[in-house]
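Here is how the chains run, residue by residue.
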Amino acid sequence: MEQGIHEASIKVFPKDLHNADVHRKKIARKIGKHPKAISAFELVRRSIDARKGEPQYVLRFRVATQDAQLSHPTFDLDLQNVSDKKPAYIIGFGPAGMFAAIKLIQRGIKPIVIERGKAVRDRRRDLAQLTKEGKVNPESNYCFGEGGAGTFSDGKLYTRSTKRGNTLEVLNTLVHFGATEEILIETHPHIGTNKLPKIIEAMREQIIACGGEVRFDTKLTDFFVDRGELTGIELNGSERIDTKHVILATGHSARDIFRLLDARGIEIEAKPYALGVRIEHPQPLIDSIQYHCEGPRDENLPAASYSIVHQVADRGVYSFCMCPGGIICPAATEDDEIVVNGWSPSKRNSPFANSGMVVELELKDFAQFGDSPLAGMEFQRAIEQQAYQIGGGLQKAPAARMMDFVQGKVSNNLPDCSYLPGIVPVDLGEVLPSFVRERLQHGFRQMGRRMKGYLTNDAVVVGVESRTSSPVRIPRSRETLTHPAIEGLYPCGEGAGYAGGIMSAAMDGYRCAEALALVFKD
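Residues numbered from 1 in each chain as written. Predicted model: local features only at pLDDT ≥ 70, side-chain atom pairs only at ≥ 80, totals over all residues. Heavy atoms only, no water.

Draft legend 1. Inspection of the sheet that holds strand E20 (residues 460-465) at higher detail. Spatial ordering of the open sheet is given by E13-E14-E17-E12-E20-E18-E19, a layout of 7 strands whose pairing is mixed. Two strands close off the open sheet at either side, each with one partner strand: strand E13 (309-312) and strand E19 (423-425). Neighbour-to-neighbour, the strand axes of the sheet open up by a mean angle of 30 degrees, direction not taken into account. By the bridge criterion, 9 bridges tie strand E12 (residues 274-282) to strand E17 (residues 352-360) in an arrangement that is antiparallel. Of the residues in E17, the one forming a bridge with Ile279 is Ser355. Contacts from helix H10 (residues 434-450) reach E12, E13, strand E14 (315-323), E17 and E20 within the one sheet, and its direction differs from that of E13 by about 130 degrees. (Pairing = 2+ DSSP bridges. Helix = DSSP H or I, 4+ residues; strand = E, 2+ residues; numbered from the N terminus. Axes fitted to C-alpha atoms, helices over the stretch in contact; angles between N-to-C directions. Contact = heavy atoms within 4.5 Å.)

Draft legend 2. Fine view of the environment of Arg116. Inspection of the secondary structure puts Arg116 in the loop between strand E5 (110-114) and helix H3 (120-133). Spatially, the C-alpha atoms of Arg116 and Ile183 are 30 Å apart, while their sequence positions differ by 67 residues. Discounting residues that sit within four places of it in the chain, Arg116 has contacts with Pro138, Glu139, Phe144, Asp217, Thr218, Lys219, Ala254 and Asp256. Of note is the side chain of Arg116, whose polar atom sits 2.8 Å from the side chain of Glu139. A distance of 2.9 Å separates the side chain of Arg116 from the side chain of Asp256, its partner in a polar contact. (Polar contact = N/O pair within 3.5 Å; in protein donor to acceptor, adjacent residues only side chain to side chain.)

Draft legend 3. Up close: the packing of helix H2 (residues 95-106) against helix H5 (residues 196-209). One way to put it is that H2 packs onto H5 with a least axis distance of 10 Å and a crossing angle of 30 degrees. H5 is crossed by H2, and the crossing has left-handed handedness. In this structure, H2 uses Met98, Phe99, Ala101, Ile102 and Ile105 to contact H5, whose residues at the interface are Ile200, Met203 and Ile207. When its residues are assigned to classes, the contact of H2 with H5 shows 8 nonpolar, no polar and no charged. (Left-handed = near helix turned anticlockwise from the far one by under 90°. Nonpolar A, V, L, I, M, F, W, Y, C, P; charged D, E, K, R; others polar.)

Draft legend 4. Here's a closer look at empty space enclosed by the protein. Tallied over the entire structure, the rule returns 2 cavities of 30 Å³ or more. There is about 90 Å³ of room inside the largest cavity. Along its surface, the largest cavity is lined by Pro95, Met98, Phe99, Gly147, Gly150, Thr151, Leu157, Leu174, Leu196, Ile200, Met203 and Ile502. Counting only elements with at least two residues in the lining of the largest cavity, the list comes to H2 and H5. Across the lining of the largest cavity, the residue classes break down as 9 nonpolar, 3 polar and no charged. (1 Å grid on protein atoms, 1.4 Å probe; cavity = no way out; pocket = protein on both sides within 12 Å on 5 of 7 lines; lining within 4 Å. Points joined across faces, edges and corners; volume = space filled by probe spheres on them.)

Draft legend 5. Up close: the layout of surface pockets. Taken as a whole, the second largest pocket holds about 1,000 Å³ of empty space. Along its surface, the second largest pocket is lined by 32 residues, and Val44, Leu168, Asn172, Leu184 and Ile185 are the ones closest to its centre. For the lining of the second largest pocket, the secondary structure elements donating two or more residues are strand E2 (38-49), strand E3 (56-65) and helix H4 (167-176). Here the lining of the second largest pocket takes 7 residues from H4, the largest share from any one element.

Draft legend 6. Representation of the packing of H2 against helix H11 (residues 502-519). Direction vectors running N to C along H2 and H11 enclose 40 degrees, while the axes themselves pass 7 Å from each other. Here H2 lies oblique to H11, going by the angle between them. As for the relative orientation of H2 and H11, their crossing is right-handed in sense. Across the interface between the two elements, Pro95, Ala96, Phe99, Ala100, Lys103 and Leu104 of H2 pack against Ile502, Ala505, Ala506, Gly509, Tyr510, Ala513, Glu514 and Leu516 of H11. (Parallel < 35°, antiparallel > 145°, perpendicular 65-115°, else oblique.)

Next up, the structure:
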């Protein structure tokens, strides 16, 4: 580190989160200097330590002393006009497809994005109809449309897959398009469902301004392959496009694409995922458990979250996509199925906290559907259809109070819930496979012992949380990132089995675009 520049981590109570004088004094003690010797300091990382006693913020600073100055490197997207360049096609405009398009532009290639759903503003109308009337538009819903499943699913920007790419580049790109700079310093950054759509629109407008194209309401309906080389694609059942370069970034719910690949003899394989429920508690209860407080949390503390993992009978049972101050939403892609997910607004100010609670599946669990590569998908769909039947239709979700679920009872009534289509009390044993239900029941008991107050009938269990990741993996070469049998086809992102959220999908989009650019012939 250059002379006069230091790094220092300090802890402060929430009341001192914004107190620069306190920060300066603690930093000075940490680096062994007088407070007046510090010429400047800036926050580079922020997290919360709530393991014992009163929660404290852990703040990491870059510090300048004496005559040193803090440098501030600039971030430049380095975009160019590609309107007269030859194109490469991207199927899907979720995080993987969006960031792949940006990277192609940086590499001098014109991206043409094919998206089956609608632009984000038009998509909102279909979501409103889904929530209020229980009617699913199979092409425009929480999974399909501009921005993909992540648009209306919280905008969490945390990933453990840092070895797969440059997370800072993704975060800086989001800031460039309107995200708050807070995401650069938070340990678990998130944007919020209410703010993410404008960022996505800004990215689309930039792609178009650079000469790229985005085609909405357009479906991939076929592939054309000649002697192991991609030669073209078909759109909307009639339009033939000649191309030798396609990034396939369709997302984890594009069942028609998985069926198409299988029907065309293009190698795919069944992939394990996780299945379970979404559980919702009053947010003040989670605050009191996590922050060790009896009354309302400090105004400088965010809505508390949690992350839980247990082993039950050699299977992982764990929380998934935890949404503090959040909402449970209907995430089905067909009218005859129930799928639930969760999201939070940027302020995380809903009175509820929800989280997926799921059990790891194994390939053997899909045996009833044979050895087809679509077996996991068919297993998933069968459970979602059963949830629909048990719930009674119109996206009403089967549910039970938490303690009742653990004891195998049908609840006499249900608490208030953020899931707007409505919930109905049922025996969730008629929805979930017994090995999933039993592990969840055991896991909830363990969680109740670990988090006093968590196991309560004030919480409600809602089924089913089934789209945790893709049930299919589309194989690709480690070196070229192309399908091993089809030159020019780049399986990408969550739908192909190589990502699990906005950040990892974005990084995989970058990787596939870079791999394509290496062999692209203008």
